[in-house]
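An overview of the molecular structure
Listed below are the residues making up each chain.
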Amino acid sequence: MSSSVAHTLDAILGAGAPVVSVAPVELSAPGRPVPLEVRVSAPASGTDLPIVLFSHGNGWNLDGYAPLTAFWASRGFVVIQPTHLDSRRNGFGFDHPVFPSIWTERISDLTRILDQLDAIEAAVPGLAGRMDRSRVAATGHSWGGQTAQALLGARILDETGELGDDMSDSRVSAGILLAATGLAGDDLHPFAQANFPFMRPSFAELTTPTLVVAGDHDQSKMSSRGPDWFTDAYTHSPGATDLLTFFGAEHGLGGIVGYEVAETTDEDPQRVAVIQRLSTAYLRTALHVDESSWPAARAAFGDGVEPIGRVESRR
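First things first, this report covers the structure right here in the doc. (Residues numbered from 1 in each chain as written. Predicted model: local features only at pLDDT ≥ 70, side-chain atom pairs only at ≥ 80, totals over all residues. Heavy atoms only, no water.)

Okay, the packing of aromatic side chains next. Considering all chains together, one arrives at 16 aromatic pairs under this definition. A centroid spacing of 5.9 Å and a plane angle of 70 degrees characterise the contact between Phe-94 and Phe-196, whose relative ring orientation is edge-to-face. One end of the pair, Phe-94, is in the loop between strand E4 (78-82) and helix H3 (102-115); the other, Phe-196, is in the loop between helix H6 (190-195) and strand E8 (201-202), with 102 residues separating them in the sequence. Relative to Phe-230, the ring of Trp-229 has its centre 5.4 Å away and its plane inclined at 70 degrees; by these criteria the two rings are edge-to-face. With respect to burial, Trp-229 and Phe-230 carry one shared label: buried. One aromatic cluster in this structure is built from Phe-94, Phe-99, Trp-103, Trp-143, Phe-191, Phe-196 and Phe-198. Taking NZ or CZ as reference, Arg-106 lies 4.5 Å from the ring centre of Trp-143, over its face. Across from the ring centre of Tyr-234, 4.6 Å away, lies the NZ or CZ of Arg-314, which sits over that ring. (Phe/Tyr/Trp six-rings, centres within 6.5 Å; stacked < 30°, edge-to-face > 60°. Helix = DSSP H or I, 4+ residues; strand = E, 2+ residues; numbered from the N terminus. Buried < 20%, exposed > 50% of the residue type's maximum accessible area, 1.4 Å probe, protein only. Lys NZ or Arg CZ within 6 Å of the ring centre and 35° of its normal.)

What follows is the structure, given as structure tokens:
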């Protein structure tokens, strides 16, 4: 069924274009323990290209997630992927002095990118003057979802339940959260409570239009909550009005990180093909490229005779 849905979605989105990808591009980041490097992927032609920031999951880097980010670029977006400090390339483990601040540094990485779009244009041959800086989405997978949701408006609660700083960015007008962790509470395991303060989110302040993507077989090692934990942003946020849940999908959602890697415990290229296309359709509508893309794609996904997932919307 999923291959037929992907074919239907291709008719909605149209054909892809050749992509130019440049890495590493080093950006200014005073005081950061290691340089901030990003990958920039963009269609080889076209103008007024919206920008998509993508934040990787724990341990990854700017070379991951090509099944997703390269597809977005082929459909008309400039996709920018930083390597965050938690990347295995940097070797900052849980016992390293920098680790407690990594979650805030991750958020800073995304704002640094938006602050330095001129430098990015200059570093990528042929990109100058082609980005539309008024149309920006923040996206991410797993820990990257938490990073992206901060720019979308989500806040962090301290140990007393008080709201932390507002780290939202008015330059960001849409988001996609893929397998992003949910609310804290008694179900959160002690290790996560001790080491991951960002796992105490408040979604009430997330008002930016956002798509949440989750797998119904995604059982976290950080929480004893079931897979519904990864849908909390949709349940509790006024901005996250759309939810895609994939049947049988685990944390890798079929292979968005990459195929034949340890994180992909549920490899399913056809599922990834559908996620590629549905997320692209959402971005096209949320960033005002084509207002009909997401409604049409949502309807096509919901019409499957043997569905591989479900779509929900509060619109």
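Following the structure, the description resumes.
Ordered in space as E1-E2-E4-E3-E5-E7-E9-E10-E11, the nine strands form an open sheet in which the pairing is mixed. Edge positions in the sheet fall to strand E1 (19-27) and strand E11 (309-313), since each of these pairs with one other strand and no more. Here the strands of the sheet are splayed against their neighbours by 20 degrees on average, with no regard to which way each runs. Note that E1 and strand E2 (residues 36-43) share seven bridges and pair antiparallel. Each bridged residue has a counterpart across the sheet, and for Val-25 the counterpart in E2 is Val-38. The strands touched by H3 within the sheet are E1, E2, strand E3 (49-55), E4 and strand E5 (131-141), with E3 carrying the most contacts at an inclination of about 160 degrees. (Pairing = 2+ DSSP bridges. Axes fitted to C-alpha atoms, helices over the stretch in contact; angles between N-to-C directions. Contact = heavy atoms within 4.5 Å.)

Okay, the pairing of E3 next. Counting buried positions over the seven residues of E3 gives seven, a clear majority of the element. Pairing of E3 with E5 involves six bridges; the strand directions are parallel. Paired with Ile-51 across the two strands is Val-136, which belongs to E5. Bridging between E3 and E4 involves three bridges; their strand directions are parallel. Counted as the bridge partner of Ile-51 is Val-78 from E4. For the crossover from E3 across helix H2 (residues 66-74) to E4, the handedness is right-handed. (Right-handed = clockwise from strand over helix to strand, strands pointing away.)

Burial runs high along H2: seven of the nine residues are buried. Of the positions making up H2, those classed as buried are Pro-67, Leu-68, Thr-69, Phe-71, Trp-72, Ala-73 and Ser-74. Just downstream of H2, Gly-76 is the residue with a positive phi angle, here 105 degrees.

Checked against the element boundaries, His-141 lands in strand E5. Residue class for His-141 comes out buried when judged on its relative accessible area of 3%. Polar contacts involving the side chain of His-141 include one to the main-chain carbonyl oxygen of His-251, which spans 2.8 Å. Aside from chain neighbours lying at most four places away, what touches His-141 is Phe-54, Ser-55, His-56, Gly-57, Tyr-65, Leu-178, Ala-179, His-251, Gly-252, Leu-253, Ile-256 and Val-257. (Polar contact = N/O pair within 3.5 Å; in protein donor to acceptor, adjacent residues only side chain to side chain.)

Put simply, helix H8 (residues 269-286) and helix H9 (residues 293-302) touch, their axes get as near as 7 Å, and they point 150 degrees apart. In this view, H8 runs roughly antiparallel relative to H9, as classed from their interaxial angle. Residues Val-274, Leu-278, Ala-281, Tyr-282, Arg-284 and Thr-285 of H8 form the contact with H9, whose own contacting residues are Ser-293, Trp-294, Pro-295, Ala-297 and Phe-301. (Parallel < 35°, antiparallel > 145°, perpendicular 65-115°, else oblique.)

Attention shifts here to the environment of Ile-113. Here Ile-113 shows up in helix H3. By relative accessible area, Ile-113 is classed as buried at 0%. Sequence-distant contacts of Ile-113, defined by excluding residues within four places in its chain, comprise Leu-27, Val-38, Leu-53, Ile-80, Pro-82 and Ile-120.

Generally speaking, a soluble globular protein has its nonpolar side chains buried in company with each other. Judged by nonpolar contacts, the single largest core of 93 residues is most densely connected at Ile-80 and Phe-246. Sort the elements by how many residues they give to this core and H8 lands first, with seven residues. Leave out the neighbours within four places in its chain, and Phe-246 touches Val-213, Ala-214, Gly-215, Asp-216, Arg-271, Val-274, Ile-275, Leu-278, Phe-301, Ile-308 and Gly-309. (Core = buried A, V, L, I, M, F, W, Y, C linked by side-chain atoms within 4.5 Å.)

As a further point, take the packing of H3 against helix H5 (residues 143-152). Where H3 contacts H5, the two axes come as close as 9 Å, and the packing angle between them is 60 degrees. Considered as vectors, H3 and H5 are oriented oblique to each other. Here the hand of the crossing between H3 and H5 comes out right-handed. Mapping the contact onto sequence places Ile-102, Trp-103, Arg-106, Ile-107, Leu-110 and Thr-111 in H3 and Trp-143, Gly-144, Gln-146, Thr-147, Ala-148, Ala-150 and Leu-151 in H5. When grouped by side-chain class, the residues that make up the contact of H3 with H5 number eight nonpolar, four polar and one charged. (Left-handed = near helix turned anticlockwise from the far one by under 90°. Nonpolar A, V, L, I, M, F, W, Y, C, P; charged D, E, K, R; others polar.)

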